[in-house]
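Listed here are the chains, written in short residue letters.
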Amino acid sequence: MKRVYFDNAATTPLDVVVLKEMVRVMETLPGNPSSIYLEGRQAKTLVEKSRKTIANLLGVAPGEIFFTSSGTESDNMAIRCSIDDLDVKHIITSRIEHHAVLHSVDYCGQLGIKISYVNLLPNGHVDMIHLEELLSQENAGKTLVTLMHANNEIGNLLDIDATGELCAAHGAYFHCDTVQTIGHLPIDVKKSKIHFLSASAHKFNGPKGVGFVFIDESVKLKPFIHGGAQERNMRGGTENTYGIAGISKALEIAYAEMDEQHKQIQGIKDYMITALRGNFSDISFNGDCEGRCLYTVLNVAFPTTEASDMLLFNLDIEGISASGGSACSSGSDQGSHVLNELKQNEGYSSVRFSFGKYNTIEEVDIVIAKLKEIMKIDKVHA
């Protein structure tokens, strides 16, 4: 049975061109980039070439890109170093951030850092008026705003230009988790006045286990991981050379294909919205799915029934991969913290379908047909 993979927000399939580049590096560049002999210099050249490629795509300086193991590490690095090195005393975030941010912020709260949570509008967007009020608080101390560009469960997009302007006006640092948007949307890092930006390769058809953090050159930090002098003394440890080659190649391909893939994937999402509405009378959607929302994510709310209670399980049996929320919460019986916070479709069972460049309209038809079988829908409801 050919499976339908609609969980690209959790991870994307590795692009074959990226795989070939990684294999080439494994086979021909065995050196340690810290070594001074030929093999080491060749590996070092690869790392720096990859750094320059990413920097050029983002419109930043190569010295502002630091390779990490993941988006989670990049989030931790930005938040923890802000506390340790920039004298941040106040963090503003939202309650629907990824756990990499929320758990880091919780830890900072235990250290005595003031934590504020910005209000959310009924559709899940950040209340920008309340954000400005929080930034205007007197005697709050140096502030870090950490808000994600696109929510990984509902896809809502933050206005990063407006957020960056607010932070700049109030002298605050701005950290943006762009794990879901890098490679899918163009981001003008400097225009948006972002101080820290987090990214992960496996969200744009690159390998797992490698990411990067952008740190604006105006920000001076101490090492996050102590050891050797790798990553300009910011992150000790021998570089993951083939992973770095993979993230660079994957992002290069993503930017080259961005407009084409945006059109294709948006078409798949729109087609599925129409098909769902045409076959289910009381379907609903979480977040702002047809407004300011990432084109790769669709969070669907089905009325709770005996069939919908086991919907993810039955979809899996039928060869369809989807998610109930964030993949990082799989196995948890607490449900999605994002949907619990929004309370947008209470009493409904929600499924996140997320699309990538290898998906097709025909796969949507398969999913709709299987959903009708599982939900025992034989005809369009009036």
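A quick note: this is a predicted structure, and the numbers were derived from the prediction, not measured.

J.: Can you break down the side chain of Thr12 residue by residue, with the values?
T.: Within the secondary structure, Thr12 is located in the loop between strand S1 (4-5) and helix H1 (16-28). At 2.6 Å, the side chain of Thr12 forms a polar contact with the backbone oxygen of His202. At 2.6 Å, the side chain of Thr12 and the backbone nitrogen of Asn205 are in polar contact. Sequence-distant contacts of Thr12, that is, excluding residues within four places in its chain, are made with His202, Lys203, Phe204, Asn205 and Gly206.

J.: Break down the pairing of strand S6 (residues 173-177) for me, citing the residues and quoting the values.
T.: Of all 5 residues that make up S6, 5 are buried, and the element is covered over most of its length. Bridge count between strand S5 (residues 142-146) and S6: 3 bridges; the pairing is parallel. What sits directly across from Val145, in S6, is Phe174. One crossover worth recording links S5 to the parallel S6 by way of helix H6 (residues 160-169), and it is right-handed. Two strands pair when backbone bridges link them, and S6 and strand S7 (residues 196-200) are joined in this way by 3 bridges, in the parallel orientation. Directly across from Cys176, in S7, lies its bridge partner Leu197.

J.: Quick rundown of the environment of Ile247? Include the residues and the values.
T.: Mapped onto the elements of the fold, Ile247 is located in helix H8 (residues 241-279). A residue is classified by how much of its surface remains accessible, and Ile247, at 0% relative accessible area, is buried. C-alpha of Ile247 to C-alpha of Phe204: the two residues are 43 residues apart in sequence and 8.7 Å apart in space. When neighbours within four sequence positions are excluded, Ile247 is seen to be in contact with Ile54, Phe67, Ala201, Phe204, Pro207, Val210, Gly211 and Phe212.

J.: Quick rundown of the sheet that holds strand S4 (residues 114-117)? Include the residues and the values.
T.: With respect to topology, 7 strands assemble into an open sheet ordered S2-S8-S7-S6-S5-S3-S4, the strand pairing being mixed. On the outer flanks of this sheet lie strand S2 (65-68) and S4, each paired with one strand and no other. Neighbour-to-neighbour, the strand axes of this sheet turn through a mean angle of 20 degrees, independent of strand direction.

J.: Tell me about the nonpolar core, residues and numbers included.
T.: Most often, soluble globular proteins keep nonpolar side chains buried together rather than apart. Leu58 and Phe212 are the most contacted members of the largest nonpolar core, which totals 43 residues. Once residues lying within four places of it in the same chain are set aside, the contact partners of Phe212 are Ile54, Leu58, Ile65, Phe66, Phe67, Thr68, Ser74, Leu197, Ser198, Ala199, Ile247 and Leu251. If you look at the next biggest cluster of nonpolar residues, it comprises 35 residues, including Leu157, Phe280, Phe285 and Leu311.

J.: Quick rundown of helix H2 (residues 38-58)? Include the residues and the values.
T.: In this model H2 runs 30 Å from its N-terminal to its C-terminal C-alpha over 21 residues, within 8% of the 30 Å that 1.5 Å per residue would give. Here H2 has its buried residues at Gly40, Ala43, Leu46, Val47, Ser50, Arg51, Thr53, Ile54, Ala55 and Leu58. Against H1, S2, strand S8 (211-215), helix H7 (230-233) and H8 lie the buried residues of H2. Once H2 finishes, Gly59 follows within two positions and takes phi at roughly 70 degrees, a positive value.

What counts and how
Residues numbered from 1 in each chain as written. Predicted model: local features only at pLDDT ≥ 70, side-chain atom pairs only at ≥ 80, totals over all residues. Heavy atoms only, no water. Helix = DSSP H or I, 4+ residues; strand = E, 2+ residues; numbered from the N terminus. Polar contact = N/O pair within 3.5 Å; in protein donor to acceptor, adjacent residues only side chain to side chain. Contact = heavy atoms within 4.5 Å. Buried < 20%, exposed > 50% of the residue type's maximum accessible area, 1.4 Å probe, protein only. Pairing = 2+ DSSP bridges. Right-handed = clockwise from strand over helix to strand, strands pointing away. Axes fitted to C-alpha atoms, helices over the stretch in contact; angles between N-to-C directions. Core = buried A, V, L, I, M, F, W, Y, C linked by side-chain atoms within 4.5 Å. Expected span 1.5 Å × (residues − 1).

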